[in-house]
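These are the residues of each chain, in order.
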Amino acid sequence: MGGASSFISMLAIAAFLGLAWSASKVSKMVGISSIVLEITTGVVLGPRVLGLVDPAYTVCETKRTMDCKDPGNLQELIDSGAHLGPTFGKIANKGYCNKADYHGSSGSSSASHGSSADHGWLAPKVDGDVDSTASHGSGSADHGSAASTSEGSAADTQGAPHRRLAGGGNYHSYHECLIKSCEADVSAHCGEFPDFFTLIGHAGVGLMIFESGMHFDFEKAKIVGPWACVVAVLGTILPLVFGTAIVMAFGKPLMPDGISAGTALAPTSVGIALRLLGEAGVLQENFGQAIITAAFVDDILSLVLFNVLFSLGGDFDMFKTVFAPIIGIVFMIIACLAAMWFWPWALENYLLSKMPDKKEGAKLAPRDQALFFFMFFLLFVYGTITHFLGTHLWGCFIAGMSFACLTPPHHAHHVWVKQTKRMTSWMIRIFFAGTVAFSIPVMELLSIEAFWKGSILGIVACVGTKVFCAPFMGKARFVIGWAMVGRAEFAYLIAQMALAAGMMDQATFSMVIWALLYATIFAPFVFRYLLNRYVASEGIGGQGQDEHLTDVVAGFGHEESGEMKEFSASDDVDYKKNLQALDGKTQNGFQATEIGSRSPGGELRAVNGQVGKQDASGQGGFLCCLFFKKVVAH
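Criteria and cut-off values
Residues numbered from 1 in each chain as written. Predicted model: local features only at pLDDT ≥ 70, side-chain atom pairs only at ≥ 80, totals over all residues. Heavy atoms only, no water. Helix = DSSP H or I, 4+ residues; strand = E, 2+ residues; numbered from the N terminus. Buried < 20%, exposed > 50% of the residue type's maximum accessible area, 1.4 Å probe, protein only. Contact = heavy atoms within 4.5 Å. Areas by Shrake-Rupley, 256 points an atom, 1.4 Å probe, with all protein chains shown as cover. Phe/Tyr/Trp six-rings, centres within 6.5 Å; stacked < 30°, edge-to-face > 60°. Lys NZ or Arg CZ within 6 Å of the ring centre and 35° of its normal. Core = buried A, V, L, I, M, F, W, Y, C linked by side-chain atoms within 4.5 Å. Axes fitted to C-alpha atoms, helices over the stretch in contact; angles between N-to-C directions. Parallel < 35°, antiparallel > 145°, perpendicular 65-115°, else oblique. Left-handed = near helix turned anticlockwise from the far one by under 90°. Nonpolar A, V, L, I, M, F, W, Y, C, P; charged D, E, K, R; others polar. Patch = residues over 30% accessible without salt bridge, like charges linked within 9 Å, V, L, I, M, F, W, Y side chains within 5 Å. Salt bridge = Lys/Arg side-chain N within 4 Å of Asp/Glu carboxyl O. Expected span 1.5 Å × (residues − 1). Disulfide = S-S within 2.5 Å. Polar contact = N/O pair within 3.5 Å; in protein donor to acceptor, adjacent residues only side chain to side chain. pLDDT = per-residue confidence, 0-100.

A. Just the overall build of the protein chain, in detail. When helices and strands are tallied, the protein chain shows 24 helices and 2 strands. In the protein chain, which comprises 634 residues, the share counted as buried stands at 61%. Sequence separation of at least 24 residues holds for 81% of the intrachain contacts in the protein chain that already meet a minimum separation of 6. If you sum the accessible surface of the protein chain, you get close to 24500 Å²; carbon and sulfur atoms cover 63% of it.

The following block contains the structure:
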């Protein structure tokens with residue numbers, strides 16, 4: 001019986017993964033972002049609709065065993081002093097709520113205060129300081145919703161409508177405190193021990209952000225940096241401000257709903273811009289580099305914002321809220337300086353120089369194996385450091401930047417992608433089809449109210465603010481603006497984690513999902529159109545390049561149709577010859593790989609040995625950190 005049961009579970013998971021993969025391929029054929037169909041597939045097959053996969057794999061254990069809904073007689077049990085049952089009895093014994101603080105309060109939470117107060121969203125600490133990486137569905141109850149009847153607490157009559165409690169929230173009654181503390185306790189435990197799909201999805205996002213950091217181009221940032229930074233700042237602040245304002249206009253509180261929604265709308269997907277700029281052959285142009293630099297700086301600012309947001313998950317803590325972000329910024333500056341000067345010197349002269357160049361029969365040279373090991377080592381070290389400063393994702397990006405300027409410039413990224421591309425691709429697919437999709441409250445999402453509110457939020461705060469973030473960039477201002485509109489993993493991750501942590505209710509989450517879908521669907525099409533028109537009007541870039549490049553789609557693109565030429569740092573070829581090989585001077589019959597719009601880690605290589613124009617030196621146009629060369633098709 002046990003074998004039969006486990007087989008059915010395996011069969012269900014295999015069917016789910018197979019259908020998620022099929023959704024990605026259908027998206028490719030249709031020419032739309034795979035995010036949309038992957039989320040749709042996950043919603044339909046998830047626990048809220050068909051329930052194809054058993055809840056043991058889709059809902060964290062604490063959420064399954066602790067029901068925080070009012071059983072209907074909770075207030076009666078409180079008034080009579082009877083045992084509150086397994087769930088609320090456990091919460092009462094933890095000391096989050098002190099019944100004496102309410103001076104004989106009776107009745108449950110009032111509707112008059114539930115929709116606007118900021119009480120009840122701050123999670124209690126469980127076994128120490130819990131990271132905010134919460135499982136989907138764990139804290140998704142409507143934290144600001146009305147409970148039931150009016151309240152008769154003496155605290156209210158005495159002019160003290162809220163009570164500050166050890167659990168970190170302001171509540172009107174002991175009844176409300178128990179319910180909200182239960183939700184926060186579940187959220188915190190599911191953050192430590194998430195379900196299977198959430199754990200894999202969040203791990204995939206971490207790997208993707210690490211890879212994203214490897215593309216940061218310090219040299220180009222010096223040239224286009226000032227104006228690109230202004231674009232990035234506006235592209236981060238405007239969605240935050242307008243998103244918060246619109247959510248507040250819909251009746252939600254500033255904290256946490258408004259700020260959480262605004263933060264989720266801030267990040268930009270650099271992958272879409274990388275793909276389309278490469279197709280048009282203008283990645284090396286100043287406006288192209290301004291787009292890429294602005295997108296990366298936007299990601300950095302969003303990570304800082306994300307860090308601050310989730311530092312607010314408890315009573316005000318001076319270190320977590322103020323000093324931790326400052327320490328994190330200082331750490332990032334030091335790490336960037338090390339990425340430009342220390343790590344290239346240390347790796348080349350000490351850590352890797354002692355490793356043999358080649359080993360007969362080995363698919364990966366020992367030197368590359370050492371480099372790959374050190375990548376993971378630094379990823380874990382930096383991630384751990386920033387975890388205690390707010391979020392490990394910040395450290396993932398900084399760790400990736402540490403390998404951006406190694407020589408040969410493309411080699412570290414090549415080693416990483418060759419070893420992780422399939423794994424990361426599946427993890428990101430699971431993130432959208434599982435982690436995000438399973439979190440979506442279907443009835444809320446499909447309601448007319450969620451749609452029209454999400455549409456306003458999407459058109460104004462998610463799309464409009466990015467479109468107009470570069471008004472000073474001349475003719476290219478709308479090209480740059482639409483390049484910043486795209487959204488991918490990070491934006492959805494913030495929304496999902498805010499929901500799980502009880503910082504965003506289901507109604508707000510549904511609005512944010514609709515808003516992000518607007519950007520996800522429309523950004524690639526409009527950006528492609530404006531980019532092609534601008535390239536044609538300015539007479540730059542290449543012509544007919546689409547004939548020579550794989551028709552890439554908005555999926556996580558690391559899948560290859562051919563073998564990749566390896567350029568080991570140990571090759572008996574000097575740096576210029578490596579660059580010449582990338583320029584197409586060696587005919588190796590490479591085939592194009594996808595550049596994933598959901599991942600800036602996609603690779604761009606020659607098709608049939610043809611890459612594009614070279615300058616006289618054979619070096620010009622090669623970016624120190626981006627794994628791209630000029631692509632101007634012949």
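Having seen the structure, we can now continue with the description.
B. Quick peek at the packing of aromatic side chains. Within this structure, the stated rule accounts for 26 aromatic pairs. Between F342 and W343, the ring centres sit 4.9 Å apart and the planes meet at 65 degrees, which makes this aromatic pair edge-to-face. By relative accessible area, W343 is classed as buried at 13%. Among the aromatic residues, those joined into a cluster by ring pairs are F210, F342, W343, W345, Y350, F372, F374, F376, F377, F380, F403 and W416. Residue placement shows R429 over the ring face of W426; its charged tip is 4.6 Å from the ring centre.

C. Fine view of the side chain of T87. Relative to the elements of secondary structure, T87 occurs in helix α6 (residues 85–93). We classify T87 as buried; its relative accessible area is 11%. Those residues within four positions of T87 in sequence are excluded, and the remaining contacts are T65, M66, D67 and C182.

D. Broad picture of the nonpolar core. F287, F403, Y492 and L531 are the most contacted members of the largest nonpolar core, which has 138 residues in total. Filtering out sequence-adjacent residues up to four positions away, F287 remains in contact with L277, V282, A476, V479, L531, Y534 and I540. By size, the runner-up hydrophobic cluster in this structure holds 20 residues, among which are C60, Y96, C97 and Y174.

E. How the structure looks around the packing of helix α2 (residues 34–45) against helix α18 (residues 411–436). Here α2 crosses α18 at 40 degrees, and the two axes come no closer than 7 Å. Here α2 is positioned oblique relative to α18, judged by the angle of their axes. Between α2 and α18 lies a crossing of right-handed hand. Judged by residue contacts, I35, E38, I39 and G42 of α2 engage R429, F432, A433 and V436 from α18. Looking at the contact of α2 with α18 residue by residue, the class counts come to 5 nonpolar, 1 polar and 2 charged.

F. Molecular detail of a nonpolar patch on the surface. On the surface, a nonpolar cluster with roughly 890 Å² of combined accessible area is contributed by V233, I237, V241, F242, I448, F451, W452, I456, I459 and V460. On the secondary structure map, I448 appears in helix α20 (residues 448–467). Taking the relative accessible area as the measure of exposure, I448 reaches 66% and is therefore exposed.

G. Seen up close, the pattern of salt bridges. According to the stated counting rule, one finds 8 salt bridges in the structure shown. A salt bridge links E183 to K180, with the shortest nitrogen-to-oxygen separation between them at 3.9 Å. Separated by 3 residues within a single helix, E183 and K180 lie in helix α9 (residues 174–192), roughly one turn from each other. The same class applies to E183 as to K180, namely buried.

H. How the structure looks around α2. Its 12 residues give α2 an end-to-end C-alpha distance of 16 Å, which sits within 8% of 16 Å, the value for a rise of 1.5 Å per residue. The buried fraction of α2 is high, at 9 of 12 residues. All buried positions along α2 are accounted for by S34, I35, V36, E38, I39, T41, G42, V43 and L45.

I. Quick look at the state of the cysteines. Summed over all chains, the structure comprises 3 disulfides. Paired through a disulfide, C68 and C182 show a sulfur-sulfur distance of 2.0 Å. Residues C68 and C182 share a disulfide whose torsion about the S-S bond is about -75 degrees; that sign makes it left-handed. A residue pair is termed long-range when its members are at least 10 positions apart, and C68 in the loop between α4 (61–65) and α5 (74–80) and C182 in helix α9 qualify at 114 residues. By relative accessible area, which is 11% here, C68 ends up buried. Across a sulfur-sulfur distance of 1.9 Å, C97 and C177 are joined as a disulfide pair. Of note, the bridge from C97 to C177 carries an S-S torsion of about -95 degrees and is left-handed in sense. In this pair, C97 is assigned in the loop between α6 and α7 (111–114) and C177 in helix α9, connecting sequence segments 80 residues apart. Accessibility assignment for this pair places C97 and C177 in one class, buried.

J. Layout of the side chain of E38. As for its position among the elements, E38 is in helix α2. Here S24 takes part through its side chain, which lies 2.5 Å from a polar atom of the side chain of E38.

K. Quick look at the environment of L457. Structurally, the position occupied by L457 is in helix α20. Sequence separation between L457 and A245 is 212 residues, and the spatial gap between their C-alpha atoms is 9.7 Å. Among residues more than four places away in sequence, those in contact with L457 are G243, I246, V247, L265, C462, M511, V512 and A515.

L. Region of the structure containing the confidence of the model for the protein chain. Confidence in the prediction for the protein chain averages 74 pLDDT; 71% of positions are at 70 or higher. This model gives residues 105–169 a pLDDT under 50, and the stretch forms 199 contacts once residues within four places in sequence are excluded. Within the model, pLDDT remains below 50 along residues 543–634, and this stretch shows 249 contacts once partners closer than five positions in the same chain are excluded.

M. Fine view of the environment of T420. Looking at the element boundaries, T420 is found in helix α18. Overall, T420 belongs to the buried group, its relative accessible area being 1%. Along the chain, T420 and E211 lie 209 residues apart, while their C-alpha atoms are 9.9 Å from each other. Of note is the side chain of T420, whose polar atom sits 2.8 Å from the backbone oxygen of W416.

N. A look at the packing of helix α16 (residues 366–387) against α18. It is at 10 Å that the axes of α16 and α18 come closest, and there the two elements cross at 85 degrees. With respect to their mutual orientation, α16 and α18 come out roughly perpendicular. Where α16 approaches α18, its residues D368, L371, F372, M375, F376 and L379 are matched on the opposing element by H411, A412, V415, W416, Q419 and T420. Class assignment for the residues of the contact of α16 with α18 results in 8 nonpolar, 3 polar and 1 charged.

O. Structural detail: the environment of L301. Tracing the backbone shows L301 in helix α14 (residues 286–310). With 72 residues separating them along the chain, L301 and C229 place their C-alpha atoms 10.0 Å apart. For L301, the contacting residues outside a window of four places in its chain are A232, V233 and T236.

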